[in-house]
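Coordinate analysis (summary)
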Amino acid sequence: MGRSFQVVILGGGTAAGYAALEFVKNDYNHGDLCIISEESVAPYERPALSKGFLLPEGAARLPSFHTCVGTGNERQLTKWYKDHGIELILDTRVVAADVKGHTLRTSSQETIAFRTLIIATGARVLRLEEFGITGSVAPNICYLRSVQDANKLVEAMAACKSIGGSAVVIGGGYIGMECAAALIGNRIPVTMVFPESHIMARLFTPEIAAFYEQYYEKRGVTFKKGTVMSGFERNDQGKVEAVVLKDGSRLPADLVVVGVGIRPNVSLFEGQLTLEKGGIKVNGKMQTSNSSVYAVGDVVSFPLRMYGEMRKLEHVDHARKSAAHAVQAILCPEKIEDYNYMPYFYSRVFTLSWQFFGDNVGSCIHYGVQSSGKFGAYWINKGKLVGAFLEGGSKDEYAALARVARDRPEVPDVNLLEDQGLGFAMAH
Ligand code: FAD
């Protein structure tokens, strides 16, 4: 038998860092808490990997973006965990969990016992093999989830740049968009390939997407929409030289970046905890079907109280807030109310920056002039404003959007809303 802790946080990502901070803020006892992570560094703000980390100059590197700097809190270095009596077990994968027996088994064959477990295992990238494409392991094929992946991408970008090469980005979601912007920033021409009719199809309307697509095209990105890749052409060293599309055409590629989605890391708990929508099902206290086990961040399906349904949200704001909420639920169960989260996502590419609050369901009206760099959209469902998007807003304007998306006011006159545009949220 190995070590034993009151609370074990399984996973050392963004949510784990914020959970640790919440315990420390509440003077949780030294020595009672441990974090087990397969990564070799303390928890960090993962969104930095596709933004500051990939800049051609002045790139962000650890330790600059350890949690919880993303919300203006302290930068928690390894020493911070030591100073607060938190055991940070790095480079250690948990290979088995016994929920009823309250134990975890690690890759080093240690058994670690817990009284309370917080699952913060996040998500893994979907690999091309899962779409029936073989051979996505090559020095110039990159995925992006961890610092290790980001280091590989930086090396591959340097190699590509040194030969004046070009890149293909597979996937038109936010990883694809952010990576394409970073590649262009590094003076590497990019072709983006995705099956949808426009970028960010899960959130953007065709009108919103058109703005970003034009912006990208002007900077050297070519789009191959409505199609998928079917394979690679390689040289004798196993390096990819071209991406082959379904219609048989080929795109020369010295670097391939794949961003085709993620899956929550739930496998350790299949058959032991209730799952829903592919995530670990939790209640409003982030408690799973076993009352000693909590789950937070990308790995959970949670009740989104505002909309009365279960949701899975793979975004950093939810990771941070759900982590803090679970800790409050563990420390003060009698005081804590149910998690009442409002969806919030953002992205930054080139010099652009957008934020979205609420739900993108129902009909959509657009406002503002795209060429001015500030424009937005509202989603109206069953007569109420339910979602709000804005590119190029100020802090106050985004705060107004958040307010309006949370309050969900009636919209008696859609034409008036369109005329008022951002003014509607500001006056609310
Ligand atoms: P993670 O941060 O993924 O942490 C999970 C941790 O668990 C990892 O350390 C992992 O190694 C570890 N782990 C998993 N299984 C085991 C095991 N068996 N044993 C030990 N350790 C294990 N969101 C936004 O809202 N805006 C953005 O702009 C944005 N940009 C992003 C850019 C990139 C490149 C990426 C990858 C994500 C981005 N996100 C963004 C999403 C955001 O980073 C995630 O929602 C957030 O990191 C989720 O936190 P988490 O702690 O649940 O999971």
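This text gives an overview of the structure that appears in the document. (Residues numbered from 1 in each chain as written. Predicted model: local features only at pLDDT ≥ 70, side-chain atom pairs only at ≥ 80, totals over all residues. Heavy atoms only, no water.)

Looking at the ligand, there are 34 residues lining it, with Glu-39, Arg-46, Lys-51, Arg-145 and Asp-298 nearest. Val-94 is positioned with one of its backbone polar atoms (N or O) 2.9 Å from a nitrogen atom of the ligand. Between the ligand and Asp-298 there is a distance of 2.7 Å, counted from an oxygen atom to a side-chain nitrogen or oxygen. Computed on the free molecule, the ligand has an accessible area of 1,000 Å², of which 97% lies beneath the protein chains in the complex. At the level of secondary structure, the elements contributing two or more residues to the shell around the ligand comprise α1 (14-25), α4 (174-185) and α6 (316-331). (Near = heavy atom within 4 Å. Polar contact = N/O pair within 3.5 Å; in protein donor to acceptor, adjacent residues only side chain to side chain. Areas by Shrake-Rupley, 256 points an atom, 1.4 Å probe, with all protein chains shown as cover. Helix = DSSP H or I, 4+ residues; strand = E, 2+ residues; numbered from the N terminus.)

Pairing between the strands of a sheet is mediated by backbone hydrogen bonds and can be parallel or antiparallel. A sheet is described by the order of its strands in space; here 3 strands give the open sequence β12-β13-β14, paired in antiparallel fashion. Pairing within the sheet leaves two strands with one partner each, and these edge strands are β12 (229-234) and β14 (250-252). Ignoring strand direction, the axes of neighbouring strands in this sheet form an average angle of 25°. By the bridge criterion, 3 bridges tie strand β13 (residues 240-245) to β14 in an arrangement that is antiparallel. Counterpart to Val-244 in the pairing with β14 is Arg-250. (Pairing = 2+ DSSP bridges. Axes fitted to C-alpha atoms, helices over the stretch in contact; angles between N-to-C directions.)

Considering soluble globular proteins, one finds that nonpolar side chains tend to be buried as a cluster. Judged by nonpolar contacts, the single largest core of 132 residues is most densely connected at Met-192, Phe-204, Tyr-212, Leu-255 and Phe-389. When neighbours within four sequence positions are excluded, Met-192 is seen to be in contact with Val-169, Gly-171, Gly-172, Gly-176, Met-177, Ala-180, Ile-199, Tyr-216, Val-221, Thr-222, Phe-223 and Lys-224. Core analysis: the next-biggest nonpolar cluster, separate from the first, contains 20 residues, Val-125, Phe-232, Val-243 and Ile-262 among them. (Core = buried A, V, L, I, M, F, W, Y, C linked by side-chain atoms within 4.5 Å. Buried < 20%, exposed > 50% of the residue type's maximum accessible area, 1.4 Å probe, protein only. Contact = heavy atoms within 4.5 Å.)

Next up on the list: the environment of Gly-165. Counting through the fold element by element, Gly-165 comes out in the loop between α3 (147-162) and β9 (167-170). Every residue in contact with Gly-165, bar those within four places of it in the chain, is listed here: Cys-160, Ile-188, Pro-189 and Asp-254.

In an α-helix, one full turn covers 3.6 residues, which means residues spaced three or four apart are oriented alike. Its 13 residues place the ends of helix α7 (residues 395-407) 19 Å apart at the C-alpha level, agreeing with the 18 Å of an ideal helix rising 1.5 Å per residue. For α7, every residue scored as buried is listed here: Glu-397, Tyr-398, Ala-400, Leu-401, Ala-402, Val-404 and Ala-405. Check the buried side of α7 and you find it contacts β23 (352-358), β24 (363-369), β25 (374-381), β26 (384-391) and α9 (422-427). Phi turns positive one or two residues past the end of α7, at Arg-408, with a value near 50°. (Expected span 1.5 Å × (residues − 1).)

Pairing of strand β2 (residues 33-36) with strand β3 (residues 86-89) involves 4 bridges; the strand directions are parallel. Note on β3: the bridge partner recorded for Ile-35 is Leu-88.

The next point concerns the packing of aromatic side chains. Inspection of the entire model under this criterion finds 26 aromatic pairs. Between Phe-211 and Tyr-212, the ring centres sit 5.0 Å apart and the planes meet at 90°, which makes this aromatic pair edge-to-face. Looking at Tyr-212, the relative accessible area reads 0%, which means it is buried. A ring pair is formed by Phe-302 and Tyr-341, whose centres lie 6.4 Å apart and whose planes are at 75°; its orientation type is edge-to-face. Taken together, the residues span a long stretch of sequence, with Phe-302 in strand β20 (residues 300-304) and Tyr-341 in the loop between α6 and β22 (344-349) at a distance of 39 residues. The buried category is assigned to Phe-302, whose relative accessible area is 0%. Within the aromatic cluster, the residues linked to one another by ring pairs are Phe-194, Phe-204, Phe-211, Tyr-212, Tyr-215, Tyr-216, Phe-223, Phe-350, Trp-354, Phe-375 and Phe-389. Positioned above the aromatic ring of Tyr-215 is the side chain of Arg-219, whose terminal nitrogen or guanidinium carbon lies 3.5 Å from the ring centre. (Phe/Tyr/Trp six-rings, centres within 6.5 Å; stacked < 30°, edge-to-face > 60°. Lys NZ or Arg CZ within 6 Å of the ring centre and 35° of its normal.)

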